[in-house]
Amino acid sequence: MASEALAAPVDKEALRRKYAEERDKRLRTDGSAQYVRLEREYSDLAVDPYTPRKERAPRTDHVTFAFIGGGFAGLVVGARLKDAGINDVRIIEKGGDFGGTWYWNRYPGAQCDTASMIYMPLLEETGHMPSEKYAHAPEIRDHCSRIGETFDLYDNALFHTQVTDLEWDAGRSVWIVRTDRGDEFTAKYVGMGTGPLHVAKLPGLPGIDEFRGKSFHTSRWDYEYTGGTPEGDPMTGLADKRVAIIGTGATAVQVVPNVSRDAKELYVFQRTPSSVDERNNKPLERDWFDEVTGPGWQKKWQENFVANLGVGFPAEDLVDDGWTDLGKRIRAQVIDMPPEQRTPEGIMAAFEDADNQKMSEIRARAEAIVGGEAGEKLKAWYRQLCKRPCFHDEYLQAFTRPNTHLVDTDGKGVERITEKGVIANGEEYEVDCIVYASGFEVGTDFHDRAGFDVTGRDGQKLSDYWAGGMRSLHGLHVHGFPNMFVVQQNQAAAFIANYPHNLVDHADTVACIVKHAEGEGHASVEPSAEAEQAWIDFLLTGPGARLGSTECTPGYYNNEGQGYGEQERFAMGHPAGAQGFFTHIDQWRKAGTFEGLEFS
Ligand code: NDP
């Protein structure tokens, strides 16, 4: 079937028109305001269902390093700091354990979408061999605990604790950290790894409160109600239940097959189909693992993945999956081009051709697996990187089960919730349970999403400093905010498909700087205003944000079709992509001169 789709010549103009029509019918004037924050509007649905909250006395002590967020960012920075000899590292985490997104997302079928060999951080340091090419969530959560235990990060950690305020005390050169548990302690350095996708949101539909059945967001899965376990045991509680899933993004793609397997009836409410390519998961064998690993193997694999997604011509593709496939296709087109056509425009045209070919195959897959009207409705009409690409070998297949019904809304979405169920296309679907697979906030102000503001030198608020867009050196350091590290991807290796790679790299940098500052007896370190400006100017010479064009169908990549305006301009990465950033920063670290930073 894929070969038929390929054989048919693509009418580029017609396809562009179709993509534009599909986008236009999804554009809404309320943009991101169509959503409401789970914690703010429905706090009863936001409660942590996984770990009971323990009472404890407030902390009023001092630590060398406080890190906000106990996901991958906090864990890898903590690990590298421990290796650098910093023993009192305190991680503050709002969940009941380490894991971040992997703590909250325990929905059935959750698994990593990027190969475990490169996605699960510190495999080499912890000696863990992933069990599958794409590990499932329980294994990833266990791995987070493993990092916490290996690097002794548990004793000092504060769980079920939210930072409310961070304030620089210039007199003492310390940060004052305040939390919702009454803590008020000091830290010489702070790190923030609050994550890009952690604030759960619901569609702002009328009637959510009126529903008399059970409802929850995917990041608060209620196994007491559904039965089963995150490990995949059957959800026996759903055997006599009619379930609605609202949303068809990357989360729903993983949830649907499992609920389809166990529920009496499943209604999947679709506004925009995801592109769902094949997954090809497989167990990893010990002999193979021993053969391909050796000192430094994980960094080599991560770098190879980045190279395969970039513009270079790497000799091998170690991961070899759906992510690297697109990169390979573009390169194949470029290789076939006469040299005089290898201009930026020529390369963009090659990108479009490769994308059209790929998306034709993905649409043909929906038709071949599901067929009929549902198969047509499951076809995604946009370029692959307009929305998060999905990969699954059981999602489309679920729609061939008699109990699983696709309710396509032709871009309009669910209209309202009633006492008894869900209204879509003017029809009421009576259900016992509603699962909101409606995603997480993106693009709201950093401090609003993090849940606290930061007050730096001279009373400067980070929210004010970043009001016109983020400003940093290397995405990590901010002028006016001494001894602070923002561990995230923007202005660094932005748009990287393997996010933890960026986090581990930042962790190396943080540990290197702190070790130097401590060794030399410095009180503080901060980027100069000039260095920060030079970095921004340099980044702005690049192509800018490449995800989330407003030509794409609406979604969180493009602020629901409205774009991020001036803010978006600053959500850029290194002009030469993730590979360019890693090369630059590696040389910067090796130089040992900490160019752009001022120690005092
Ligand atoms: P998304 O924001 O991607 O999806 C939300 C879904 O809800 C969309 O399909 C959206 O439709 C739909 N929706 C919103 N309002 C309505 C409505 N009124 N009626 C019907 N549908 C509606 O959230 P996800 O949780 O799926 O994924 C978020 C991100 O989390 C991913 O992009 C990915 O980065 C990450 N993730 C990673 C995974 C991994 O690595 N293993 C797994 C899962 C998630 P529309 O598209 O029209 O807006």
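See the structure printed just above.
All of these numbers come straight from a predicted model, not from anything done at the bench.

S.K.: Give me the site of the ligand: which residues, what numbers.
M.R.: Near the ligand you find 26 residues, and of these Gln111, Thr251, Thr272, Lys387 and Tyr556 are the closest. One nitrogen or oxygen atom from the main chain of Ala437 is found 3.5 Å from an oxygen atom belonging to the ligand. In this structure, an oxygen atom belonging to the ligand sits 2.7 Å away from a side-chain N or O atom of Tyr556. Expressed as a share of its isolated accessible area of 910 Å², the protein-covered part of the ligand is 90%. Among the elements that line the shell around the ligand, the one with the most residues is helix α11 (residues 250-262), at 3 residues. Among the residues forming the shell around the ligand, the class breakdown is 12 nonpolar, 10 polar and 4 charged. Mapping the shell around the ligand onto the domain boundaries places at least three of its residues in each of domain 1 (15-37 + 200-279 + 387-436) and domain 2 (62-198 + 442-599).

S.K.: Kindly report on the sheet that holds strand β15 (residues 421-424), identifying the contributing residues and their values.
M.R.: Sheet strands pair via backbone hydrogen bonds, and the direction of the pair is either parallel or antiparallel. Taking strand neighbours across the sheet as the criterion, the 3 strands line up as β14-β15-β16 in an open arrangement whose pairing is antiparallel. Every other strand in the sheet has two partners, leaving β14 (416-417) and β16 (427-430) as the edge strands with one partner each. Relative to β16, β15 is paired through 4 bridges, and the arrangement is antiparallel. Its bridge partner lying in β16, Ala424 is registered against Glu427.

S.K.: Report on the pairing of strand β9 (residues 242-246), specifying residues and quantitative values.
M.R.: Burial of β9 is extensive: 4 of the 5 residues sit out of reach of the surface. Sheet analysis places β9 next to strand β10 (residues 265-270), joined by 5 bridges and oriented parallel. What sits directly across from Val243, in β10, is Leu266. Crossover handedness for the path β9 to α11 to β10: right-handed.

S.K.: Go over the packing of aromatic side chains with me, naming the residues and quoting the values.
M.R.: Applying the stated criterion to the full structure yields 28 aromatic pairs. With a centroid separation of 4.8 Å and 70 degrees between ring planes, the pair formed by Phe216 and Trp221 is classed as edge-to-face. Both residues of the pair, Phe216 and Trp221, count as buried. Ring plane angle 80 degrees and centroid distance 5.6 Å describe the contact between Phe289 and Trp297, whose orientation is recorded as edge-to-face. For Phe289, a relative accessible area of 7% puts it in the buried group. On the basis of relative accessibility, which here comes to 5%, the residue Trp297 falls in the buried class. Here the aromatic residues Trp288, Phe289, Trp297 and Trp301 are joined through ring pairs into a cluster of three or more. Over the face of the ring belonging to Phe185 we find Arg90, whose NZ or CZ atom lies 4.6 Å from the ring centre. Geometry around Tyr50 places Arg106 over its ring, the cationic atom sitting 4.1 Å from the centre.

What counts and how
The numbers attached to residues start from 1 for each chain and follow its sequence in the written order. Reporting in this predicted model follows two pLDDT cut-offs: at least 70 for local features of residues, and 80 or more for side-chain atom pairs to be given and counted; totals over whole chains, interfaces and linings ignore these cut-offs and use all residues. For side-chain calculations, the full set of non-hydrogen atoms in the structure is used, while hydrogens and water are omitted. Whether a residue is near a molecule or strand is decided by its heavy atoms; if any one of them lies within 4 Å of it, the residue is near. Here a polar contact is recorded for every N or O atom pair within 3.5 Å, except that within protein the pair must consist of a potential hydrogen donor and a potential acceptor, and residues adjacent in sequence are included only if both atoms are side-chain atoms. What sets the accessible areas is the Shrake-Rupley method with a 1.4 Å probe; for residues, cover comes only from the shown protein chains. Helix and strand assignments come from DSSP, with helices taken as H or I runs of at least 4 residues and strands as E runs of at least 2, each series counted from the N terminus. Basically, the charged four are Asp, Glu, Lys and Arg, the nonpolar ten are Ala, Val, Leu, Ile, Met, Phe, Trp, Tyr, Cys and Pro, and anything else, Gly included, counts as polar. Delimitation of the domains relies on an automatic or database domain assignment. Strands pair, by our definition, only if DSSP identifies at least two bridges between them. The buried label goes to any residue with under 20% of its type's maximum accessible area, the exposed label to any with over 50%, and the partly exposed label to all in between, with areas taken from a 1.4 Å probe on protein chains only. Classification remark: right-handed applies to a crossover when, strands pointing away from the viewer, the course from the first strand over the helix to the second runs clockwise. Put simply, two rings from Phe, Tyr or Trp (the six-membered ring, in Trp's case) pair if the centres are within 6.5 Å, and we call them stacked under 30 degrees between planes, edge-to-face over 60, tilted for the rest. Sitting over a ring, as applied to charges here, requires NZ of Lys or CZ of Arg to be within 6 Å of the ring centre and within 35 degrees of the ring normal.

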